[in-house]
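Structural overview
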Amino acid sequence: ENPPQGELLKRQTPQEIASALAALMPALSGLSPLVLAVDASYQESASSAGTLTVNKAEFNTAPYGFTASGTAARSEGSQPSGQLALACRRCPQMVTDAGNWLVRLKAVLAEIDPAAARAIRIDTAQVRAWAALVESVGQKDADGESLRFTLQSKPPEAPTINGRPLAEAMSTLRLPPE
């Protein structure tokens, strides 16, 4: 039987609560310098539901990061068309660190709201599977640390990633059974 929501939190000392919350805080000093920039626009017209243009989106830190650019347009009743180019430095490690943070968040949330924690369906095996997917789908750059991804959609054709049908690429994701 689960104790009422927040009951476990009431049983913990302030030091235990601080320790649990500290586990959620990323080591920001290791990320410095941090660059976050977006140059994008969106336009609608009578013949289109809208066009999104990303001239450059960038998230870079000392250990990893990415830059992206592309366009996407949509007409009423059709799937979006467009292309997105993404260059990702040390991408599997970035996915692993972000996923592990979610695993820690789930553990802390379990103490505060067990039902909400159960709704977060992630564990370390899934984090490893997502990192492996990124590595298997990405095209390696000459530097050996960066992966490139090109997502393309030309309706009525199926969307692709690096020239492979997206559904085929995603089928390589090997998540452990729940």
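Computed from a predicted model, the values in this text were never measured in an experiment.

**Overview of the overall build of the protein**
Scanning the protein from N- to C-terminus turns up six helices and eight strands. Ordered by position from the N terminus, the helices and strands of the protein form the series α-α-β-β-β-β-α-α-α-β-β-β-β-α. Considering the protein as a whole, with its 178 residues, one finds that 24% of them fall into the buried category. The contacts of the protein with a sequence gap of at least 6 include a subset with a gap of at least 24, amounting to 51%.

**Considerations on the state of the cysteines**
Counted by the stated rule, this structure contains one disulfide. Shown here is the disulfide that connects C88 with C91, its sulfur atoms set 2.3 Å apart. Across the S-S bond linking C88 and C91, the dihedral sits near 85°, which makes this disulfide right-handed. This pair shows no difference in class: C88 is buried, exactly as C91 is.

**Some thoughts on the pattern of salt bridges**
Opposite charge on two side chains permits pairing when their charged atoms draw close. For the structure shown, the criterion picks out four salt bridges. A salt bridge links K56 to E58; the nearest nitrogen and oxygen atoms lie 3.5 Å apart. Residue class for K56 comes out partly exposed when judged on its relative accessible area of 42%. The shortest N-O distance in the salt bridge between E168 and R164 comes to 3.3 Å.

**Examining the pairing of strand β4 (residues 81-89)**
Here nine bridges tie strand β3 (residues 65-74) to β4, and the two strands are oriented antiparallel to one another. Paired with A72 across the strands is G82, a residue of β4. In this antiparallel pair of consecutive strands, β3 and β4, the connection spans six residues, and G77 shows a positive phi of 75°.

**Section: unusual backbone geometry**
The residue after P155, namely P156, is reached through a cis peptide bond having omega 10°. With respect to the secondary-structure elements, P156 resides in the loop between β6 (146-153) and β7 (160-161).

**Some points on the side chain of S146**
When you line up the elements, S146 lands in strand β6. Every residue in contact with S146, bar those within four places of it in the chain, is listed here: C88, R89, Q139, K140 and D141.

**Side note on the packing of helix α3 (residues 91-112) against helix α5 (residues 124-137)**
Helices that pack against each other are described as a pair by the angle of their axes relative to one another and the distance between those axes. The interhelical angle for the contact between α3 and α5, taken along N-to-C directions, is 160°, at an axis separation of 9 Å. When the axes of α3 and α5 are compared, the pair comes out roughly antiparallel. Where α3 crosses over α5, the two elements pack in a sense that is right-handed. Residues C91, P92, V95, T96, G99, N100 and V103 of α3 form the contact with α5, whose participating residues are T124, V127, W130, A131, V134 and E135. In the contact of α3 with α5, the residues fall into eight nonpolar, four polar and one charged.

**Quick look at the environment of L34**
For L34, the position within the fold is in the loop between α2 (14-22) and β1 (35-45). Overall, L34 belongs to the exposed group, its relative accessible area being 56%. Put simply, L34 and G65 are 31 residues apart on the chain and 9.2 Å apart in space, counted from C-alpha to C-alpha. With residues near it in sequence (within four places) discarded, L34 still touches F59, N60 and T61.

Analysis parameters
- Residues numbered from 1 in each chain as written.
- Predicted model: local features only at pLDDT ≥ 70, side-chain atom pairs only at ≥ 80, totals over all residues.
- Heavy atoms only, no water.
- Helix = DSSP H or I, 4+ residues; strand = E, 2+ residues; numbered from the N terminus.
- Buried < 20%, exposed > 50% of the residue type's maximum accessible area, 1.4 Å probe, protein only.
- Contact = heavy atoms within 4.5 Å.
- Disulfide = S-S within 2.5 Å.
- Salt bridge = Lys/Arg side-chain N within 4 Å of Asp/Glu carboxyl O.
- Pairing = 2+ DSSP bridges.
- Axes fitted to C-alpha atoms, helices over the stretch in contact; angles between N-to-C directions.
- Parallel < 35°, antiparallel > 145°, perpendicular 65-115°, else oblique.
- Left-handed = near helix turned anticlockwise from the far one by under 90°.
- Nonpolar A, V, L, I, M, F, W, Y, C, P; charged D, E, K, R; others polar.

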